[in-house]
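# Examining the three-dimensional arrangement
Here's the letter readout for the chains.
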2 protein chains.
Amino acid sequence: MRLNAKVPPSEMRCFETYLRSKKLKLTDERVKILTTIFDKSTHFNAEWLYRELNQKKQSMSRATIYRTLYLLVQCNLVRRNSLGSAHANYEAIREAEHHDHLICLNCDRVIEFYRLNLEQLQEEICHEKNFQPLHHNLQIFGLCSECINKTDDSTMRHKVAQIRT
Amino acid sequence: MRLNAKVPPSEMRCFETYLRSKKLKLTDERVKILTTIFDKSTHFNAEWLYRELNQKKQSMSRATIYRTLYLLVQCNLVRRNSLGSAHANYEAIREAEHHDHLICLNCDRVIEFYRLNLEQLQEEICHEKNFQPLHHNLQIFGLCSECINKTDDSTMRHKVAQIRT
DNA sequence: TTTTTTGCAAATCGTTTGCACGCTG
DNA sequence: CAGCGTGCAAACGATTTGCAAAAAA
């Protein structure tokens, strides 16, 4: 039974095209996952998606979620980015534009930013080093304005040491 | 039995000081780990260290290695940085200076670089956003000059999707 | 002696995978 | 109908942890 389809946005078409090109199928599960991601999330992880999908209606296994996330990353609808944590984090790619992250180590807030110079500078460096960039990632860890006075040094040192980058 | 100490370099003193400040002990195992790291490595992982330490003389458990690595990160003698892989990578911090990485997705070569503008730009962004930076990390993934013609698109798309950042 | 360390093995935990059944195209 | 997709549960694999024995201070 096909999901009572809301008008499929461009993301859906993109996914469909990708799947067809790989001879893969557009299943209900895949549709629901994509919809959930683009409806409700900015940054999320597999567990959030699992709970989000299972709280309401029928269940969906973690396996399917992981497998679908892989496909979505492959066709550039989703970006994988652990944001310093030990597990994977993902984000929906809404516009084509890229951005980097400020990550608060106290409250886990993620602040996105984009700076053209920064991108250009990177291009420049790659060119100099004769390196062909395919992906890049800048994350700055620290304390957001709300958290600056809420922790102590030793806690922060521990947290910095725990960062996975 | 204390290791027949080569003249302890400044790193050793730093470690010793740190340990003492925490009422921890300077054991043979810890000395050997630090020595191995600063003698032989640039970028390494726990497994490399394990093999390096165990191939010659007596054995050392992985547990000790992980526990010691944690201490070394705490006292800023070692930096933890997965470089996009699923497991942790580490590097000895030889000078105080910071650098970023170009990482070849084909041959895993790591090219270090430093660019003052880049650092300044980041400072600027943080200042604007009222964010206190504690750690940052820029990695550019792609193909080094030697590998540019050695792979195909689909392989690279897969590898990019596997990156953990 | 007292406290910290170590090695071992078992436990974690997010993620991946093999398999048998079910559904899509 | 053939080929993918799914759920389940088991496998994975790097890292962590509890515990009893061993070593530093």
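These numbers come from a predicted model, not from an experiment. (Residues numbered from 1 in each chain as written. Chains lettered and ligands numbered in written order. Predicted model: local features only at pLDDT ≥ 70, side-chain atom pairs only at ≥ 80, totals over all residues. Heavy atoms only, no water.)

### Section: the domain arrangement of chain A
All names here are of chain A. Its domain assignment divides chain A into domain 1 (1-97) and domain 2 (98-165). Domain 1 and domain 2 are separated by 25 Å when their C-alpha centres are compared. Domain 1 puts 11 residues into the contact, and the matching count from domain 2 is 12 residues. Between domain 1 and domain 2, a total of about 910 Å² is buried, with carbon and sulfur atoms accounting for 47% of that surface. Put simply, domain 1 and domain 2 have 0 salt bridges between them. Where domain 1 packs against domain 2, one counts 3 residue pairs in polar contact (both at pLDDT 80 or more). (Domains from an automatic or database assignment. Contact = heavy atoms within 4.5 Å. Buried area = accessible area lost by both parts, 1.4 Å probe. Salt bridge = Lys/Arg side-chain N within 4 Å of Asp/Glu carboxyl O. Polar contact = N/O pair within 3.5 Å; in protein donor to acceptor, adjacent residues only side chain to side chain.)

### Comments concerning the pairing of strand 3 (residues 89-92) of chain A
Residues and elements named next belong to chain A. Covered by surrounding structure in strand 3 are Asn89 and Glu91 together with Tyr90 and Ala92, the residues of both alternating faces. Bridging between strand 1 (residues 43-45) and strand 3 involves 3 bridges; their strand directions are antiparallel. Looking across to strand 3, one finds that His43 is bridged to Glu91. Pairing geometry for strand 2 (residues 78-80) and strand 3, over 3 bridges, is antiparallel. (Buried < 20%, exposed > 50% of the residue type's maximum accessible area, 1.4 Å probe, protein only. Helix = DSSP H or I, 4+ residues; strand = E, 2+ residues; numbered from the N terminus. Pairing = 2+ DSSP bridges.)

### Points about the relation of the copies chain B and chain A
In this arrangement, two copies of a chain are superimposed by a rotation about an axis accompanied by a shift along the axis. Overlaying chain B on chain A yields an RMSD of 0.1 Å, the required transformation being a rotation through 180° with an accompanying axial translation of 0.0 Å. Here the copies are linked by what is in effect a two-fold axis. Taking the C-alpha atom as reference, chain B places B:Leu138 closest to the rotation axis, 2.1 Å from it. In this assembly the copies share their binding face: 100% of the residues contributing to the interface of chain B also contribute to that of chain A. (Least-squares fit on C-alpha atoms with pLDDT ≥ 70 in both.)

### Details of the interface of chain B and chain A
Each side of the interface is counted separately: chain B has 51 residues, and chain A has 52 residues. It is B:Arg80, B:Phe131 and B:Thr165 in chain B that bury the most area against chain A; as a group they hold 15% of the surface buried on that side. At the boundary of chain B with chain A, the tally comes to 4 salt bridges. Here B:Arg115 ties to A:Glu128 by a salt bridge, and the two come within 2.8 Å at their closest N and O atoms.

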